[in-house]
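Chains, contacts and geometry: an overview
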Amino acid sequence: MATVTTMPVSAQPQMITVAKAIGSSPNKAPDENTMYVTREWMPDEVAASGYDYVTKVLKRGQSLDQAVEIFRGDKEDVSAERSVLRGIDGKYVMDTSYRRLDFFNTERAFYPNGHTDTHKVVLPLPTTATFGGYYKGQAIYHLKSDWTSAKGTVFHSGAIIAFDLKAALADPAHVEALVLFKPNEHQCVKGTTQTKNRLLLSSLSNVTSEVRSFGFGKGGWSSFKLALPENSTLSLTSSDDESDSLFAFSEGFLEPSTLFYADASSGKVEKIKSTPERFDGQGLQVQQFWATSKDGTKVPYFLAARNGVKLDGTIPPILSAYGGFEVSMQPKYSASLGKLWLEKGGAFALANIRGGGEFGPKWHQAGLKTRRQRVYDDFEAVAQDLIAKKVTSTPRLGIMGGSNGGLLMGVQLTERPDLWNAVVIQVPLLDMVNFTHLSAGASWQGEYGNPDDPVEGAFLRSNSPYHNVRAGVAYPEPFFEISTKDDRVGPVHARKMAALFEDMVCPSTIMRISRAVTRPPPTCRNTPAATRSNTPTCRKAHGQ
C-alpha cells in the first residue's frame, strides 16, 4: 500500500489500479488487493498547513468514491496518515499512524491486531522522539529530548534506543529500552537504515562523518565502525534488503565525490570510482576553526582557502550557513565554487551555527523561536573571527544562503549592514510577520514561532527582514535569487523585499528568477509605513 500524493480533486481520475504490494516500504498495504490513500478527498479537506490528513482504504477494482475512511488526523495537525509497518523482509507486521502535531512533535500510534484494528496504542515516549525503524522485532527510536522510563531510567536527548516493539505494545506503561548510541556534546545522529541482517547508524563527530554497523541476536547487541574515509562527508546512498551490501559516497571541499562499496556484516570496504576533479586543488587547504559567540558558545566553521597566503585582510571569502530545522551542514565538492572562486584566490567559509543539527537536538533547540537571535549572533561571530584572524575585512566579505539560510542572509542584511560588502539571498523567507499565510509557512511555526502569539510575534517582528529596513542606512547591495517552482518557499518573500528596496531608491537591486536575471515586478507594495518617510541607500559591492 502506498500513501499516494494526488492531483487536485477536480482533476483526479476515479479509478486506481492497485498493484501488488512488494518490498519493504513502510507505506505498503497489508495485502495485494488493498491500498491506503491519503489525499485531499473533498475540496479544501487539508490541514491548515496545506498537507493531507485523511486516509481511506481502497480495494482492488474500486473507484475513489468507494474508498472507506480508516483514519483522520486533526485539522490543526501539520499532516497525518495511516500506513503499514513491514520488516526488512517485506512481511507485514502491523498498521501504524502518525499525527504531526507541529514540525518537531509527532503522535505515533500502532495497531498490533492487524489492519482492521481500530484500537491504537501510543507509547509513552516524548512526541519529539522519531521512529527510526523496525529491526529484528526491535523498535528503533531517536530521542530529541530527555525521557525517563517507568523504572526511573533517564535516557538522554540525542540517543538511539531500542526495545521489543510487541512487548512494549502489550504493556506500554512499562516500556524499558537499551541505549545503542549515546552521543557526546560534539556528536549527533544523522540517521539509521538497514541491510538484510544489519542496522546502520550514521553520525557526526565534530562535523565529520562516521558509520557504525549494529547486529542483534541471542547475545544482545554488538557493533563496529565501518572503515570508510575519515574527515570526510559520508552519505549512505543505497542499502540492500536481500544482502548486507551497501554503497556510500565520500566527499569534501577539495575531494570529489567517491563511491565506496561496503559489506555491513564483514566490514569489508572497497573503493569503486571517483568523479573527475573539476578544479585544481593543489595549494588549497581546508581548516576547521572555532569562533566565540556573544553568549560564550564555541561555534565551529570550515575555511577552504589557498595555503600559505598572507593574512592581511584582503582575501575575499564567501561565508555561508543554514542554521535551522536541525539540518547539519558539511563540506561538499562544488566544481563551480572551486573553479570560479577558490582557484582565483577566493575563500569559502561554512559556519555550523546553532539551529542546525551538527551537535544534536540541543544545538538545534538552542535556536528555536524566541531563542533565534543566537543563530544570528553565531553567524556574526564567525564573520568577526575571520576578520580578527586577518583572513578578510568588511570591504572584502560576502555572504550567501538559501531557504532558511536565505532568512539568515536577510537578517544579516538588515541587522548588520556594516559587516558585509555583498549579500546573496536565495529562495528566502523574509516576511516573518506574515509567513504563516505564504506557501507552506504554517507548517514551520515549530521552528520560528507563531506571529499571532504576543511574545513570539513581537520577537518575529523585531528581526523580520522585510519589517526592519530602515531609512538612512547604507545597505550592502543585495542579490535575490528565487524559483517560481518552489512549493515551500515561494517567490513572494524575495519579490516583496526587492520591491521594497526599489521603492526606497535602491534601483541596483538584482533578482535572479530561475536562469534569467530580471528586474523585480513592482508588486506587493505593502511597505511598512515607518520605512517610507526617508530612503536608505545601497553600497555597490566592490573588490573580487
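Residues numbered from 1 in each chain as written. Predicted model: local features only at pLDDT ≥ 70, side-chain atom pairs only at ≥ 80, totals over all residues. Heavy atoms only, no water.

Turning our attention to the overall build of the protein chain. If you tally the helices and strands in the protein chain, you get eight helices and 30 strands. A buried classification covers 50% of the 544 residues belonging to the protein chain. Across the protein chain, every contact between residues at least 6 apart in sequence was considered, and the portion connecting residues at least 24 apart equals 59%. Accessible surface, the protein chain: about 23,700 Å² in total, of which carbon and sulfur atoms supply 51%. (Helix = DSSP H or I, 4+ residues; strand = E, 2+ residues; numbered from the N terminus. Buried < 20%, exposed > 50% of the residue type's maximum accessible area, 1.4 Å probe, protein only. Contact = heavy atoms within 4.5 Å. Areas by Shrake-Rupley, 256 points an atom, 1.4 Å probe, with all protein chains shown as cover.)

Taken in spatial order, the four strands of this open sheet run β7-β8-β11-β12, and their pairing is antiparallel. Each having just a single partner strand, β7 (130-135) and β12 (178-181) make up the two edges of the open sheet. The average undirected angle you get between the axes of adjacent strands in this sheet is 30°. Across five bridges, the pairing between β7 and strand β8 (residues 138-142) is antiparallel. Paired with T130 across the bridge in β8 is H142. (Pairing = 2+ DSSP bridges. Axes fitted to C-alpha atoms, helices over the stretch in contact; angles between N-to-C directions.)

This part takes up the packing of aromatic side chains. Throughout the structure, instances matching the rule amount to 21 aromatic pairs. Between Y141 and F163, the ring centres sit 5.8 Å apart and the planes meet at 10°, which makes this aromatic pair stacked. Pair noted here: Y141 is in strand β8 and F163 is in strand β11 (residues 160-164), with a separation of 22 residues, a long-range link. Classification of F163 by relative accessible area gives buried; the value is 3%. (Phe/Tyr/Trp six-rings, centres within 6.5 Å; stacked < 30°, edge-to-face > 60°.)

On the secondary structure map, M432 appears in the loop between β26 (422-426) and α6 (445-448). Beyond its immediate chain neighbours, meaning those up to four positions away, M432 contacts L407, Y448, P451, L460, S464 and P465.

For the rest of this paragraph, the subject is the pattern of salt bridges. Under the defined criterion, the tally for this structure stands at 20 salt bridges. Ionic pairing is found between D77 and R99, a salt bridge with its closest N-O pair at 2.8 Å. With D77 in the loop between β3 (68-72) and β4 (79-86) and R99 in strand β5 (residues 92-102), this residue pair connects regions lying 22 residues apart in the sequence. By relative accessible area, D77 is classed as buried at 3%. Taken together, the shared-partner salt bridges connect D77, R99, E107 and K120 into one network. (Salt bridge = Lys/Arg side-chain N within 4 Å of Asp/Glu carboxyl O.)

The next thing to look at is the side chain of S149. For S149, the position within the fold is in the loop between β9 (147-148) and β10 (154-155). The exposure class of S149 is buried, given its relative accessible area of 6%.

Taking burial as the measure, the five residues of β8 include five buried ones, the bulk of the element. Between β7 and β8, which pair antiparallel one after the other, the connecting turn spans two residues, and K136 there sits at a positive phi close to 50°. Where β8 lies against β11, five bridges are found, and the strand directions are antiparallel. From the neighbouring strand, A139 faces β11, where its bridge partner is F163.

This part covers the packing of helix α4 (residues 373-388) against helix α5 (residues 404-415). As a packed pair, α4 and α5 sit with axes 11 Å apart at the nearest point and diverge in direction by 75°. In terms of axis orientation, α4 runs roughly perpendicular to α5. Side by side, α4 and α5 meet where Q373, V375, Y376, F379 and E380 of the first sit next to L407, L408, M409, V411, Q412 and E415 of the second. (Parallel < 35°, antiparallel > 145°, perpendicular 65-115°, else oblique.)

Given 3.6 residues per turn, any residue in an α-helix points the same way as the ones three and four places further on. Compared with an ideal rise of 1.5 Å per residue, which puts 16 residues at 22 Å, α4 spans 22 Å between its outermost C-alpha atoms and is within 8% of the ideal. Immediately beyond the C-terminal end of α4, within one or two residues, lies K390, with a positive phi of roughly 60°. (Expected span 1.5 Å × (residues − 1).)

Attention shifts here to the environment of G367. By the element assignment, G367 lies in the loop between α3 (361-365) and α4. Of the residues examined, G367 reaches a relative accessible area of 0% and is grouped as buried. In sequence terms G367 and G323 are 44 residues apart; their C-alpha atoms lie 8.0 Å from each other. Apart from residues no more than four positions distant in its own chain, G367 is found in contact with R372 and V375.

So, on to the sheet that holds strand β13 (residues 187-194). Taken together, four strands build an open sheet; the order of strands is β13-β14-β15-β16 and the sheet is antiparallel. Pairing within the sheet leaves two strands with one partner each, and these edge strands are β13 and β16 (220-225). In this sheet, adjacent strand axes meet at a mean angle of 25° when their direction is disregarded. Sheet topology note: the β13/strand β14 (residues 199-205) ladder contains seven bridges and is antiparallel. Within β14, the position partnered with V189 by the bridge is S203.

Now for the nonpolar core. In this structure, L319, F379, W420 and Y448 are the most contacted members of the largest nonpolar core, which totals 69 residues. Broken down by element, this core gets its largest block of residues, seven residues, from α4. Look past the residues within four positions of L319 in its chain and what remains in contact with it is A349, A351, F379, V382, A383, L397, G398, I399, M400 and W420. Grouped together as the second largest cluster of nonpolar side chains are 21 residues, L125, W147, F155 and L165 included. (Core = buried A, V, L, I, M, F, W, Y, C linked by side-chain atoms within 4.5 Å.)

Right, let's get into the confidence of the model for the protein chain. Averaged over every residue, the pLDDT of the protein chain is 89; residues scoring 70 or more account for 88%. Taken together, the stretch residues 1-26 has pLDDT below 50 and engages in 76 contacts with residues farther than four places along the chain or on a different chain. The low-confidence segment residues 515-535, where pLDDT is below 50, has 42 contacts with residues more than four positions distant or belonging to other chains. (pLDDT = per-residue confidence, 0-100.)

A word on the environment of Y111. Locating Y111 in the fold gives a position in strand β6 (residues 105-111). Sequence-wise, Y111 and V93 are 18 residues apart; in three dimensions their C-alpha atoms are separated by 9.6 Å. Setting aside anything within four residues of it in sequence, one finds Y111 in contact with F71, R82, M94, D95, T96, S97, D117, T118, H119 and K120. Within the structure, Y111 has its side chain in polar contact with the side chain of S97 (distance 3.0 Å). (Polar contact = N/O pair within 3.5 Å; in protein donor to acceptor, adjacent residues only side chain to side chain.)

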